[in-house]
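Reading the structure
This is what each chain is made of:
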Amino acid sequence: MESLLNQTKLPEKIVVVDDNSSDDTFSVAQAFAKNYGFIQVVQNHSEAEHAPGSKVINAFYKGYYELDDQFDVICKFDADLIFPNNYLETIARHFQSDPKIGMAGGFCSIQKGTHWQTENLTGKDHIRGALKAYRKHCFIQIGELKPAMGWDTADELLARYHDWKVVTDERLLVKHLRPTGMSYFEHSGYRQGEAFYRLRYGFSLTLIASAKLAAMKMNPFAFLHYVGGYLRAAKKKRPFLVSAEEGRFIRKLRWANIRKKLF
């Protein structure tokens, strides 16, 4: 909150969603709200169980429904981030530079000793779910964010499907206080594999994506969980997150990116 309030370009509104926290989140957020009229605090009483994807999206929409439609850019930020003071100004500049930019974001960094370095878990063309920023018309066109693991990949793929650009800025390093993957749970791996199925990756792309993600996490067992999750979802015929046409676009785009990296 302090890093957002120290921005060179202040946000017009901040909605803090206290999602069934067990600490002092609500009282701390309310203290900020008393001093700043553009801060609002809402409470969301979700289940205590960790549900990757769906829990965070449900909390996001709890805050989103508090807004009117008078905004140009909407951001979804996690609570464990510290932003550089030029973050919002730089993001706004990106959107102003090109009307076809639909999403923009920086990168998470983690502390290694006395230094902060990029949290290398995704490609340079992907915006982490922790720090998404959407142009209003792009946000509306891609439809509601999917309440499932893989939502932060689906939104970018659908943005590109609708001919929007997704821009990342390596100069914007955001401190991530609770690094991703500090612990790995088997059920999360199965959910990730299920997400590959529901995004209509197909089995071949799922094998490649699973191998890459397991290597990044340095967990060979994760590969088995991802593939197992895909096969389970296929057997149960879990509902897809995207249409058949969107799925064809996604597969074509993914294969094109693989060929580009290989050749």
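As annotated in an unreviewed UniProt entry, the protein chain carries the name Glycosyltransferase and comes from Christiangramia flava JLT2011. One UniProt comment on the protein chain, placed under Sequence similarities (unreviewed entry), says "Belongs to the glycosyltransferase 2 family."

Aromatic ring pairs: the centre-centre distance and the angle between the two ring planes describe each pair. Overall, the coordinates contain 18 aromatic pairs when judged by the stated rule. Taking 6.1 Å as the distance between ring centres and 20 degrees as the angle between the ring planes, the aromatic pair formed by Phe 60 and Tyr 64 counts as stacked. Residue Phe 60 and its partner Tyr 64 are located together in helix H3 (residues 54-64), separated by four residues, close to a single helical turn. A relative accessible area of 21% places Tyr 64 in the partly exposed class. Aromatic side chains Phe 77 and Tyr 87 sit 6.2 Å apart centroid to centroid with 80 degrees between the ring planes, which places their arrangement in the edge-to-face category. Remark: Tyr 87 occurs in helix H4 (residues 87-97) and Phe 77 occurs in strand E3 (residues 73-77); sequence separation between them is ten residues. The exposure class assigned to Tyr 87 is buried, which follows from its relative accessible area of 1%. Grouped by ring-pair contacts, the aromatic residues Phe 60, Tyr 61, Tyr 64, Tyr 65, Tyr 134 and Phe 139 constitute a single cluster.

With that settled, consider the pairing of strand E6 (residues 115-118). Taken together, the four bridges between strand E5 (residues 101-112) and E6 define a ladder with antiparallel strand orientation. Counted as the bridge partner of Ile 110 is Gln 117 from E6.

Between helix H8 (residues 203-217) and helix H9 (residues 220-236), whose axes approach to 8 Å, the crossing angle comes to 150 degrees. Between H8 and H9, the angle is such that the two are roughly antiparallel. For the pair H8 and H9, the sense of crossing is right-handed. Contacts between H8 and H9 pair Phe 203, Thr 206, Leu 207, Ser 210, Ala 211, Leu 213, Ala 214 and Lys 217 from the former with Ala 222, Phe 223, Tyr 226, Val 227, Tyr 230 and Leu 231 from the latter. For the contact of H8 with H9, the class distribution of residues is eleven nonpolar, two polar and one charged.

Under the counting rule described, the total for this entry stands at 13 salt bridges. A salt bridge links Lys 124 to Glu 170; the nearest nitrogen and oxygen atoms lie 3.8 Å apart. Here the residue Lys 124 occupies a position in the loop between E6 and strand E7 (131-135), and Glu 170 occupies one in strand E8 (residues 165-176), the gap between them amounting to 46 residues. Glu 170 gets classed as exposed once you look at its relative accessible area, which sits at 53%.

Basis of the calculations
Residues numbered from 1 in each chain as written. Predicted model: local features only at pLDDT ≥ 70, side-chain atom pairs only at ≥ 80, totals over all residues. Heavy atoms only, no water. UniProt positions renumbered as here; feature names shortened; annotations may be inferred. Phe/Tyr/Trp six-rings, centres within 6.5 Å; stacked < 30°, edge-to-face > 60°. Helix = DSSP H or I, 4+ residues; strand = E, 2+ residues; numbered from the N terminus. Buried < 20%, exposed > 50% of the residue type's maximum accessible area, 1.4 Å probe, protein only. Pairing = 2+ DSSP bridges. Axes fitted to C-alpha atoms, helices over the stretch in contact; angles between N-to-C directions. Parallel < 35°, antiparallel > 145°, perpendicular 65-115°, else oblique. Left-handed = near helix turned anticlockwise from the far one by under 90°. Contact = heavy atoms within 4.5 Å. Nonpolar A, V, L, I, M, F, W, Y, C, P; charged D, E, K, R; others polar. Salt bridge = Lys/Arg side-chain N within 4 Å of Asp/Glu carboxyl O.

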